[in-house]
Amino acid sequence: MIFNLPAFSIFFVGALLLLHSRGRVHKYLFIMIPVVAFFSVLNAPEGVSYYYNFLGLELKGVFIDKLSKVWGYIFAIMAFSGAIFAYHNDDHKENVWTTLYVGSSYGVIFAGNLLTLFIFWELMAIFSTMIIFGRKTEAAKGAGFRYLLVHAFGGQLLFAGIVLYFYQTGKLDFGYIGLNNLATLLIMLGFAINAAIPPFSAWLSDSYPESTVTGTVFLSAFTSKTAVYVLARGFPGESILMYAGAIMTVYGIIYAILENDMRRVLSYSIINQVGFMITGVGLGTQMAINGAAAHAFAHILYKALLMMGAGAVLFRTGISKTSQLGGLYKTMPLTLLFSCVGAAAISSFPLTSGFTTKSLIIAASVQEHKSIIYHILLLASAGVFLHAGIKFPYFVFFHKDSGLRPKEAPFNMLLAMGFVSFLCIFLGIYPDILYKILPYPVDYVPYTPSHVLLQMQILMFSAAAFFFMLPMLKRTETITLDTDWFYRKGATYMVKFIDKYIVKYGQSFKEFIFVKATQKLSMLLSNPSGLTKVLYNLIYYKVFEDDKDKYQENLEKLRNIRSVKTNIRVGDSLLWVMIFLFFYLLVYYISKV
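Residues numbered from 1 in each chain as written. Predicted model: local features only at pLDDT ≥ 70, side-chain atom pairs only at ≥ 80, totals over all residues. Heavy atoms only, no water.

Enquirer: What's the story with the overall build of the protein in this structure? I'm lost.
Expert: For the protein, the helix and strand inventory stands at 23 helices and two strands. Expressed as a percentage of the 593 residues in the protein, the buried residues total 55%. Residue pairs in contact within the protein that sit at least 24 positions apart in sequence constitute 81% of those at least 6 positions apart. Carbon and sulfur atoms make up 68% of the accessible area of the protein, which totals about 27000 Å². (Helix = DSSP H or I, 4+ residues; strand = E, 2+ residues; numbered from the N terminus. Buried < 20%, exposed > 50% of the residue type's maximum accessible area, 1.4 Å probe, protein only. Contact = heavy atoms within 4.5 Å. Areas by Shrake-Rupley, 256 points an atom, 1.4 Å probe, with all protein chains shown as cover.)

Enquirer: Honestly, the nonpolar core in this entry has me stumped. Any pointers?
Expert: Nonpolar side chains in soluble globular proteins generally cluster together in the buried interior. With 174 residues, the main nonpolar core has Trp71, Tyr106 and Phe191 as its most contacted residues. Among the elements that line this core, the one with the most residues is helix α12 (residues 286–317), at 21 residues. Within the second largest apolar cluster, seven residues are counted, among which are Leu531, Leu538, Leu555 and Leu558. (Core = buried A, V, L, I, M, F, W, Y, C linked by side-chain atoms within 4.5 Å.)

Enquirer: Please clarify how unusual backbone geometry should be interpreted in this entry.
Expert: The general pattern is negative phi for most residues beyond glycine and trans for most peptide bonds. Here Pro198 and Pro199 are connected by a cis peptide whose omega angle stands at 5 degrees. Among the structural elements, Pro199 can be located in the loop between α7 (182–194) and α8 (202–207). In the Ramachandran plot, Lys136 falls in the positive-phi region, its phi being about 60 degrees despite a non-glycine side chain. Locating Lys136 in the fold gives a position in the loop between α5 (114–133) and α6 (138–169). Residues other than glycine seldom take positive phi values, yet Ala196 does so here, at roughly 60 degrees. Looking at where Ala196 falls in the secondary structure, it is placed in the loop between α7 and α8.

Enquirer: Any chance you could explain α7 here in plain terms?
Expert: Owing to its 3.6 residues per turn, the α-helix aligns residues three or four sequence positions apart on the same side. Its 13 residues place the ends of α7 19 Å apart at the C-alpha level, agreeing with the 18 Å of an ideal helix rising 1.5 Å per residue. Counting buried positions along α7 gives ten out of 13 residues, so the element sits mostly inside the fold. What α7 keeps buried is the set Ala183, Thr184, Leu186, Ile187, Met188, Gly190, Phe191, Ala192, Ile193 and Asn194. Where α7 is buried, its residues touch α5, α6, α8, α9 (213–234) and α10 (239–258). Phi turns positive, to about 60 degrees, at Ala196, one or two residues after α7. (Expected span 1.5 Å × (residues − 1).)

Enquirer: Looking at this model, I keep getting lost on the packing of aromatic side chains. Mind explaining?
Expert: By convention here, two paired aromatic rings are described through the distance between centres and the angle between planes. Overall, the coordinates contain 30 aromatic pairs when judged by the stated rule. Judged by centre distance (6.5 Å) and plane angle (85 degrees), the ring pair of Phe392 and Phe397 falls under edge-to-face. For Phe392, a relative accessible area of 1% translates into the label buried. Every member of this aromatic cluster is reached through a ring pair, and the members are Phe11, Phe75, Tyr101, Tyr106, Phe110 and Phe222. The ring of Tyr87 has Lys27 sitting right over it, with the charged end atom 5.0 Å from the ring centre. Directly above the ring of Phe63 sits Lys60, whose terminal nitrogen or CZ lies 5.4 Å from the centroid. (Phe/Tyr/Trp six-rings, centres within 6.5 Å; stacked < 30°, edge-to-face > 60°. Lys NZ or Arg CZ within 6 Å of the ring centre and 35° of its normal.)

Enquirer: Which parts of the structure should I look at to understand the packing of helix α1 (residues 7–19) against helix α2 (residues 23–43)?
Expert: In helix packing, the relevant descriptors are the interaxial angle and the interaxial distance, both defined with respect to the helix axes. Close contact between α1 and α2 brings their axes to 9 Å; oriented N to C, the two are set at 170 degrees. By the angle between their directions, the pair α1 and α2 is classed as roughly antiparallel. Considering the relative orientation of α1 and α2, their crossing is right-handed. Residue-level inspection shows Ala7, Ile10, Phe11, Gly14, Ala15, Leu17 and Leu18 of α1 in contact with α2, the latter providing His26, Leu29, Phe30, Ile33, Pro34, Val36, Ala37, Ser40 and Val41. When grouped by side-chain class, the residues that make up the contact of α1 with α2 number 13 nonpolar, three polar and no charged. (Axes fitted to C-alpha atoms, helices over the stretch in contact; angles between N-to-C directions. Parallel < 35°, antiparallel > 145°, perpendicular 65-115°, else oblique. Left-handed = near helix turned anticlockwise from the far one by under 90°. Nonpolar A, V, L, I, M, F, W, Y, C, P; charged D, E, K, R; others polar.)

Enquirer: Would you explain the pairing of strand β2 (residues 57–64) in this entry?
Expert: Note that strand β1 (residues 47–54) and β2 share seven bridges and pair antiparallel. Bridge assignment links Val48 to a residue of β2, and that residue is Phe63. In sequence, β1 turns back onto β2 through a hairpin of two residues, with Leu55 there showing a positive phi of about 55 degrees. (Pairing = 2+ DSSP bridges.)

Enquirer: Would you take a moment to explain the side chain of Asn290 for this structure?
Expert: Structurally, Asn290 can be placed in helix α12. On the basis of relative accessible area, Asn290 is assigned to the buried category, the value being 2%.

Enquirer: Help me out: how do you make sense of the pattern of salt bridges in this one?
Expert: Between side chains of opposite charge, a pair can form when the charged atoms approach closely. Under the criterion given, the structure shown has eight salt bridges. Arg135 is the salt-bridge partner of Glu210, the closest N and O atoms lying 3.9 Å from each other. Taken as a pair, Glu210 in the loop between α8 and α9 and Arg135 in the loop between α5 and α6 lie far apart in primary sequence, 75 residues in all. When its relative accessible area of 30% is taken as the criterion, Arg135 is described as partly exposed. The closest approach of N and O atoms between Arg146 and Asp206, which form a salt bridge, is 2.8 Å. Of the two residues, Arg146 is situated in helix α6 and Asp206 in helix α8; the sequence distance between them amounts to 60 residues. The structure contains a network of salt bridges with shared partners spanning Arg135, Glu210 and Arg264. (Salt bridge = Lys/Arg side-chain N within 4 Å of Asp/Glu carboxyl O.)

Enquirer: Teacher, can you tell me more about helix α11 (residues 262–283) here?
Expert: Between its terminal C-alpha atoms α11 stretches 32 Å, which fits the 32 Å expected from 22 residues at 1.5 Å a residue. Counted residue by residue, α11 has 22 buried out of 22 residues, so it is predominantly covered. A side-chain oxygen of the first residue of α11 lies 2.9 Å from the backbone nitrogen of Arg263; this N-cap is Asp261. Immediately beyond the C-terminal end of α11, within one or two residues, lies Gly284, with a positive phi of roughly 80 degrees. (Polar contact = N/O pair within 3.5 Å; in protein donor to acceptor, adjacent residues only side chain to side chain.)

Enquirer: Can you help me understand the packing of helix α13 (residues 333–346) against helix α16 (residues 411–429) in this one?
Expert: One way to put it is that α13 packs onto α16 with a least axis distance of 10 Å and a crossing angle of 30 degrees. When the axes of α13 and α16 are compared, the pair comes out roughly parallel. Of the two possible hands of crossing, α13 and α16 adopt the one that is left-handed. Of the residues in α16, those in contact with Leu334, Thr335, Phe338, Val341 and Ala345 of α13 are Leu414, Met417, Gly418, Ser421, Cys424 and Ile425. In terms of residue class, the contact of α13 with α16 is made up of eight nonpolar, three polar and no charged.

Enquirer: So what exactly am I meant to see when it comes to a nonpolar patch on the surface here?
Expert: A contiguous nonpolar patch, built from Leu351, Ile425, Ile429, Tyr430 and Ile433 and spanning about 450 Å² of accessible area, is present on the exposed surface. Mapping Tyr430 onto the fold places it in the loop between α16 and α17 (431–435). (Patch = residues over 30% accessible without salt bridge, like charges linked within 9 Å, V, L, I, M, F, W, Y side chains within 5 Å.)

Enquirer: How should the side chain of Ser104 be read in this particular structure?
Expert: Summarising the element assignment, Ser104 is placed in helix α4 (residues 92–109). Looking at Ser104, the relative accessible area reads 0%, which means it is buried. Excluding residues within four positions of it along the chain, Ser104 makes contact with Phe12, Phe120, Leu123, Met124 and Phe127.

Enquirer: Would you mind going over the environment of Pro198 with me for this structure?
Expert: Tracing the chain through its elements places Pro198 in the loop between α7 and α8. Residue Pro198 is classed as partly exposed on the basis of its relative accessible area, which comes to 21%. Between the alpha carbons of Pro198 and Tyr251 there is a distance of 8.1 Å; along the sequence they are 53 residues apart. With sequence-adjacent residues up to four places away left out, Pro198 is seen in contact with Met248 and Tyr251.

Here is the structure:
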C-alpha cells in the first residue's frame, strides 16, 4: 500500500510524475503528494524499517521515532499549504525541484545511519539551489552560487567527520554522537552551517530573499529545521549549542531591525527563531528537547505564513523594500489580516502557537538555573515583536501612503494563508494536541497568570519602544553588511591574487617542467652509456683529483651528450634496471633510518 512507503520515496516518485504532467493535473498532484506523505508518517511504525549492507555493516536504512515524526508531520503540512499557495505557479520545473527538496528533507530526518543522511543532505543542498535559481535573475544566480558553495563546504566538513567517525568507531548508525573529538566536531560544524549558526549564517539572508515568491516559502521551512533535528538527535545537551543559540536569538534581531527588504527582515528572523531551538537542544533536558521540537513545528507554520504575506505583496507590487511600500491595507486587507496572525504567533501572543512552544524552552532554562540564558531569551522575545511583530506589518501595510493600489492576493494564496493562520491560532488555544506528539511526556501548563502577564508586559514594552524609536527605525536605501562580506571580498581578492601571481608563475613553472626540463632530460637520456661515463668523470675529477680543467671539459660534454663516444657496452634496459635499483635501495635505506 502506498501509505506504507517511506515518506521520502513518495516525494521522489511524485516528482517523476510531476515531470510528466501538465495543467491542472500537475497542480492537483503537487497538492496531493504531501497529503499521501502525511498519512505515510501517521501510519509508520516506530523503529527500524529497512536495513542494507555496506562495507560488511548492516546499516539502518530508515529509522522513525517520536522525535522524527514531529518533523515528519509538520513537513507534510508545510508542503501541502505551500503547494496551495503555489497553485498559480506555471513553472513546472520549480514544482519538481521543490518536491525533490522536500523529499530529501524527509530522507534526512528518517535516516538511520550517517551515510544515508549525508546522501540526502547533499541532495537537499542541490535541489534547494535549483529553487533559488528558479527566479532567473542575476541576483538569484549570484545568491544561488554562493549558497551552493557554502553548503558544499558544509557538506565536506560533514563527510570528513563521518569518515573519521567510522575510522575511530567502526559504526555509522545515526543516534547520539556527542562532542568529544575532531570527527564529532566536524560533524557538528557541518550541521551548524545548515542551522545558520553565526558566523555561518549569512547564506540564509543572502539567498532566501532572491528566490521566487513561492520558492522562499518552501526554503524558509526545511533546510534550517532539518539541521535543528540532526543536532537534537546527535548533540543534545552540548553547552556550546546553548550559548550559540542564545547568540543567534540576538544576532537575528539586530540585523532584522536594520534591514529594509521585507523578505530579508523575515530571513534574519529565521536565524533568531532557530536560535531558540538551538538553545533548547543545547540545554538537552526532556523539556528543552520538547520545546525545540514544538517550536520548530510552530515556527514552520508562522514563518511560512509571514513569507506568504510578503510573497503576496511582492507578487502584486513587484516591490520588496519596505521604504517603497505602505498603505496597502486599503487594497489588501485579507493579506494584512493573515500577516498579523503570523506576526502575533512569532511574537508569542497568548492564544497563538508561539506562546505555547517558545515558553517550553524558556521554562527549561529556568529549570536548569541558566539565569543568563533565561534573560537573553526574554530580551530576544521582546526583540521579535519589535522587528517581525510590528515592523513588518507596519511599514508594509501602514506607515505612509505609497500610492500603490494593488489587487488583493489571488484566491489560492489567501486560502493557503487562511489555513496556516487557523493552525497558528488552533495550536495556541489547544496546545495539548501538539504536546501529545512530542518525544517526551509534557508536564507543563503554558496558561498561568504569571506567564501570561509576563508575556503581555514584554509585548507592550516592545510596542512602546517601537513607536518611541520610530524616527530611528524608518528605513532608507541601505545595504547591511553581514559575514558574507568576508567571503565575497575574500573571493575577489583571491581571484586577483591567483590571476596575478599563481597563473603567471604557474605558466613559467609549466613551461619549465613540460618543455625545458623535458627537452633537457630527453637529451641526457639519449646516450645512457655516455651519460654514465661523463657523470663518473665529473665525480672523479671533482672529488678525487680536483682537476678543474678536466671537470670543465666534462661539463661541456654533458651539455652536448649526444656527441660523447664510449667503449662501454651496456644495454639500455640493463642500465635503467641499475638506475631504478639504485633509487629503490636509496629509498629503502632512508625509510629505515
